[in-house]
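Structural overview
The primary structure of each chain is shown beneath.
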Amino acid sequence: DARVTQTPRHKVTEMGQEVTMRCQPILGHNTVFWYRQTMMQGLELLAYFRNRAPLDDSGMPKDRFSAEMPDATLATLKIQPSEPRDSAVYFCASGLVSGSLGTGQYFGPGTRLTVT
Amino acid sequence: QKEVEQNSGPLSVPEGAIASLNCTYSDRGSQSFFWYRQYSGKSPELIMFIYSNGDKEDGRFTAQLNKASQYVSLLIRDSQPSDSATYLCAAHTGGFKTIFGAGTRLFVKA
C-alpha cells in the first residue's frame, strides 16, 4: 500500500531555531506539494514541484522558508529562523499529472510544528 | 485571486439521508476538480475527481460538475455517522496549481 511518509510527525522548537521537515512521495508520482494548515487559514499551498523542478513557491515567506527536492524520493521544507506564527500542521502530498489533468493528491500524515 | 468557495457548515443530516455539499470556483481555466475528506486531526484523503460536465458516481458518492455555472457538488447517499468529517473541494488550475476551499463540516446524526 503506497503512502506518502513525513518526518518528524511532531516538532517542538524554540523561536529562532532551524526546522527541517522531510517527505518521501509515492514512487512514480511526478508532482510534490507542501501545504500548511491552521484553523484560521485553512489549507495553504506553500510550494510545489513537477519532476523535481520547483514550479511555484509563491505561497512561502521567501526570507525564512525554502523547499527542495534533492532526489525523486525526498522533498524537504526548511524554516530558518522559525517564529511562533509558523506553528501549524505541514502536509506533504504527491500526485500524478498527465498533460494538463491531475488525478488528485495523496497526503502524508503531516508534521505538527509548535514554535515557542 | 483565484478562489474556491464552500459553505463552512456545519451541515447536519440524519443517518441514511443524502448529504449534499457544494462548491464554486472562480477560475474558468480550471480543468480538474477534486473532493477530499478530512477527519479531525488527520490528513486530507482523496475521495473523487471529475473533469467533465455531468455526474460521476463511485459507490455512495456522486460528484457533479457544471463548468458553465462554475459549480461542483458532492452527494453522499445513505449517509453514515462515519461520514462525519470536513469535506474539501479543490480545483486544479493552469500550471498544475491546486486551490482548496476552506471545507464544509458534515455531521451525520445516528
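Residues numbered from 1 in each chain as written. Chains lettered and ligands numbered in written order. Predicted model: local features only at pLDDT ≥ 70, side-chain atom pairs only at ≥ 80, totals over all residues. Heavy atoms only, no water.

1. A look at the nonpolar core
As a reminder of what qualifies: Only buried Ala, Val, Leu, Ile, Met, Phe, Trp, Tyr and Cys residues count toward a nonpolar core, and they belong to the same one when joined by side-chain atoms within 4.5 Å. Accessible area is worked out with a 1.4 Å probe on protein chains only. A residue is then buried under 20% of its type maximum, exposed over 50%, and partly exposed in between. Numbered from the N terminus, helices here are DSSP runs of H or I no shorter than four residues, and strands are runs of E no shorter than two. Contacts: residue pairs with any heavy atoms within 4.5 Å of one another.
The biggest cluster of nonpolar side chains holds 24 residues, and the ones touching the most others in it are Trp 35, Val 72, Leu 74, Ile 76 and Tyr 87 of chain B. Elements with a minimum of two residues in this core: strand E3 (19-25), strand E4 (32-38), strand E5 (45-50), strand E7 (61-66), strand E8 (71-76), strand E9 (85-92) and strand E11 (104-109) of chain B. In this structure, Leu 74 of chain B is in contact with Ala 19, Ser 20, Leu 21, Trp 35, Ile 47, Met 48, Phe 61, Thr 62, Ala 63 and Tyr 87 of chain B, ignoring residues within four places of it in sequence. Among the nonpolar cores identified, the runner-up in size contains 22 residues, and Trp 34, Met 60, Ala 88 and Tyr 90 of chain A belong to it.

2. Re unusual backbone geometry
Apart from glycine, the bulk of residues carry a negative phi angle, and the bulk of peptide bonds sit in the trans form. The omega torsion across Gln 80 of chain A and Pro 81 of chain A is -5 degrees, close enough to zero to call that bond cis. Residue Pro 10 of chain B follows Gly 9 of chain B across a cis peptide bond; omega there is 10 degrees. For Pro 10 of chain B, the position within the fold is in the loop between strand E1 (4-6) and strand E2 (11-14). The backbone phi angle of Asn 51 of chain A is positive, close to 50 degrees, even though this residue is not glycine.

3. Quick notes on the state of the cysteines
In a disulfide, the sulfur atoms of two cysteines are covalently bonded to one another. All names here are of chain B. Our working definition: Whenever a pair of cysteine sulfur atoms sits within 2.5 Å, that pair is classed as a disulfide.
Applying the stated rule across the entire model yields two disulfides over all chains. Covalently, Cys 23 is tied to Cys 89 through a disulfide, its sulfur atoms 2.0 Å apart. Taking the sign of the S-S torsion, -70 degrees for the link of Cys 23 and Cys 89, the bridge is left-handed. With Cys 23 in strand E3 and Cys 89 in strand E9, this pair connects stretches of sequence that are 66 residues apart. Residue classification places Cys 89 among the buried positions, given a relative accessible area of 1%.

4. Here's the deal with the sheet that holds strand E6 (residues 54-58) of chain B
Residues and elements named next belong to chain B. Stated precisely, the cut-off is as follows: For two strands to be treated as a pair, DSSP must find at least two bridges joining them. Note on geometry: axes are C-alpha line fits, over the in-contact stretch for helices, and angles between N-to-C directions span 0 to 180 degrees.
In spatial order, the strands read E1-E3-E8-E7-E6; together these five strands make up an open sheet with antiparallel pairing. Whereas interior strands pair on both sides, the edge strands pair on one side only; in this sheet they are E1 and E6. Neighbouring strand axes in the sheet, compared pairwise and without regard to direction, differ in orientation by 20 degrees on average. Bridge count between E7 and E8: six bridges; the pairing is antiparallel. Looking at E8, one finds that Gln 64 is bridged to Ser 73.

5. What about the interface of chain A and chain B?
Stated formally: Summed over both partners, buried area is the accessible surface (1.4 Å probe) that two parts give up on being assembled. We define a salt bridge as a contact between a side-chain nitrogen of Lys or Arg and a carboxyl oxygen of Asp or Glu at a distance within 4 Å. Polar contacts, as used here, are pairs of N or O atoms within 3.5 Å; protein pairs need one atom able to donate a hydrogen and one able to accept it. Residues neighboring in sequence count only if both atoms are side-chain atoms. Charged means Asp, Glu, Lys or Arg here, nonpolar means Ala, Val, Leu, Ile, Met, Phe, Trp, Tyr, Cys or Pro, and polar covers whatever is left, Gly included.
Taken residue by residue, the interface counts 23 residues in chain A and 18 residues in chain B. Here chain A meets chain B over a buried area of about 1,700 Å², counting both sides, of which 60% is carbon and sulfur. The interface formed by chain A and chain B contains zero salt bridges. Across the chain A-chain B interface, the total number found is four residue pairs in polar contact (both at pLDDT 80 or more). Of all the elements in the fold, those that place two or more residues in the side of chain A that touches chain B are strand E4 (31-38), strand E5 (42-50), strand E6 (53-56), strand E9 (88-98) and strand E10 (101-107) of chain A. Among the elements that make up the side of chain A that touches chain B, the one with the highest residue count is E10 of chain A (seven residues). The residue inventory of the side of chain A that touches chain B, partitioned by class, reads twelve nonpolar, nine polar and two charged.

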